[in-house]
Amino acid sequence: MSKPDFNLLVTLDVLLAEGSVARAARRLRLSPSAMSRALARLRETTGDPLLVRAGRGLVSTPRALELRERVSQLVQDAEEVLRPAEKLNLKQLVRTFTLRTSEGFVENFGPVLIARVAEEAPGVRLCFVQKPNKDSTSLREGIVDLETGVVEEKTAPELRVQALFRDRLIGVVRIGHSLCQGEITTTRYAVGRHICVSRQGPDKDPIDEALKPFGLERKIAVVLVGGFSTALALARASDLVASVPERHTGNLRAGMHSFPIPVSTPEFTISLHWHPRMDSDQAHRWLRGCVRNVCAEKLTDSSICRESAAE
């Protein structure tokens, strides 16, 4: 069986509504002969005459009467599907968005983002979930709407990625720690008792790679497979040294002493990730804009950003 021509549905809808070939032709801006040919095709496709002569006019067959409302609804549904989406009304938007981010991102940028979303779209709820790995399955399957992080080899190639900001590792200790005073040399830094935060294990840390040319190695007292907030909490209550991303942890480091690590480690870019099927979703685009703007405004207003600019 050949595939039906769905364009005939529009013609059938108008014919059944008008009950006249001439009036249907005018409505569809076709010639009467073209409309007659279309009616002939419809008769062949449906196996029913649809409109039959009655005196000087045409009347619908029982089959045509049966189809009229169904065809009209089908055409309306198709027009609705093909019509551009209406302008987003944020005040009436009711939706939950799931964001997979690090603890540091939530704690540093979350409060401002939540406040902005509540002001612009009070019916929107944000659900933050932890990021234990680099697997992109949750984005692919629609379990997660947005994700933040560094683009790596494991990142799915089809994902959309937009840079949010650059970050770097810094050292952090409690107030009163010996590293609060004097020049922090590579030796002074290395001999401290350190917290290593790594999802890949203690042998993959860029700081240790940077210390190797100096013949030095950090003394790792604690290995954390997880977030930086725990590392900072431990450092705040002990003589341990935490090495954490600077911009990710601005709020968390309040009341602590931060310092540049005395070896060169590569900066990294924190990006926003999403699946391309969400590109045209107006609400999703709005949320992506909120995240970008919050990151840009917070970093512009922060002392960290001003210090970096001065350098």
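Quick caveat, the model's predicted, so the values are computed rather than measured.

The rules behind these values
Residues numbered from 1 in each chain as written. Predicted model: local features only at pLDDT ≥ 70, side-chain atom pairs only at ≥ 80, totals over all residues. Heavy atoms only, no water. Helix = DSSP H or I, 4+ residues; strand = E, 2+ residues; numbered from the N terminus. Rg over C-alpha atoms; globule rule 2.2 N^0.38 Å. Buried < 20%, exposed > 50% of the residue type's maximum accessible area, 1.4 Å probe, protein only. Contact = heavy atoms within 4.5 Å. Areas by Shrake-Rupley, 256 points an atom, 1.4 Å probe, with all protein chains shown as cover. Lys, Arg positive; Asp, Glu negative; His and termini not counted. Charge placed at Lys NZ, Arg CZ, Asp CG, Glu CD. 1 Å grid on protein atoms, 1.4 Å probe; cavity = no way out; pocket = protein on both sides within 12 Å on 5 of 7 lines; lining within 4 Å. Points joined across faces, edges and corners; volume = space filled by probe spheres on them. Nonpolar A, V, L, I, M, F, W, Y, C, P; charged D, E, K, R; others polar. UniProt positions renumbered as here; feature names shortened; annotations may be inferred. Core = buried A, V, L, I, M, F, W, Y, C linked by side-chain atoms within 4.5 Å. Domains from an automatic or database assignment.

1. A word on the overall build of the protein
Then, in step 1: The number of helices and strands found in the protein is 11 helices and 12 strands.
Then, in step 2: Scaling as 2.2 N^0.38, a compact globule of 311 residues should have a C-alpha radius of gyration of about 19 Å, whereas the protein reaches 32 Å, well beyond that.
Then, in step 3: A buried classification covers 41% of the 311 residues belonging to the protein.
Then, in step 4: At a minimum sequence separation of 6, the contacts of the protein that also span at least 24 residues come to 72%.
Then, in step 5: For the protein, the computed accessible surface area is about 17,600 Å², with 52% contributed by carbon and sulfur atoms.
Then, in step 6: Of note, the protein has its 44 positive side-chain charges centred 6 Å away from the centre of its 38 negative side-chain charges.

2. Considering empty space enclosed by the protein
Think of a ball as big as a water molecule: rolled over the atoms, this probe shows where empty space is left.
Then, in step 1: Under the criterion given, the structure shown has 1 cavity of 30 Å³ or more.
Then, in step 2: Forming the boundary of the largest cavity are Lys 131, Lys 134, Ser 136, Glu 147, Val 150, Thr 155, Leu 159 and His 273.
Then, in step 3: Split by residue class, the lining of the largest cavity holds 2 nonpolar, 3 polar and 3 charged.

3. Looking at the UniProt feature "domain: HTH lysR-type" (unreviewed entry) in the protein
Then, in step 1: Within this structure's numbering, the places UniProt gives as "domain: HTH lysR-type" (unreviewed entry) are residues 4-61.
Then, in step 2: From the first C-alpha to the last, residues 4-61 spans 21 Å; its make-up is 59% helix and 14% strand.

4. Focus: the nonpolar core
Then, in step 1: Ranked by internal contacts, the top residues of the largest apolar core, which has 41 residues, are Trp 286 and Val 291.
Then, in step 2: Top contributing element to this core by residue count: helix H10 (residues 282-301), with 8 residues.
Then, in step 3: When residues of this core are assigned to domains, at least three map to each of domain 2 (90-167 + 269-308) and domain 3 (169-266).
Then, in step 4: Those residues within four positions of Trp 286 in sequence are excluded, and the remaining contacts are Leu 88, Leu 90, Leu 93, Phe 97, Val 117, Glu 120, Ala 121 and Val 124.
Then, in step 5: In this structure, Leu 8, Ala 24, Ala 25 and Leu 67 belong to the second largest nonpolar core, which totals 18 residues.

5. Quick word on the environment of Gly 215
Then, in step 1: Looking at the element boundaries, Gly 215 is found in the loop between helix H8 (206-211) and strand S9 (219-224).
Then, in step 2: Residues Gly 215 and Thr 187, 28 residues apart in the sequence, show an inter-C-alpha distance of 9.6 Å.

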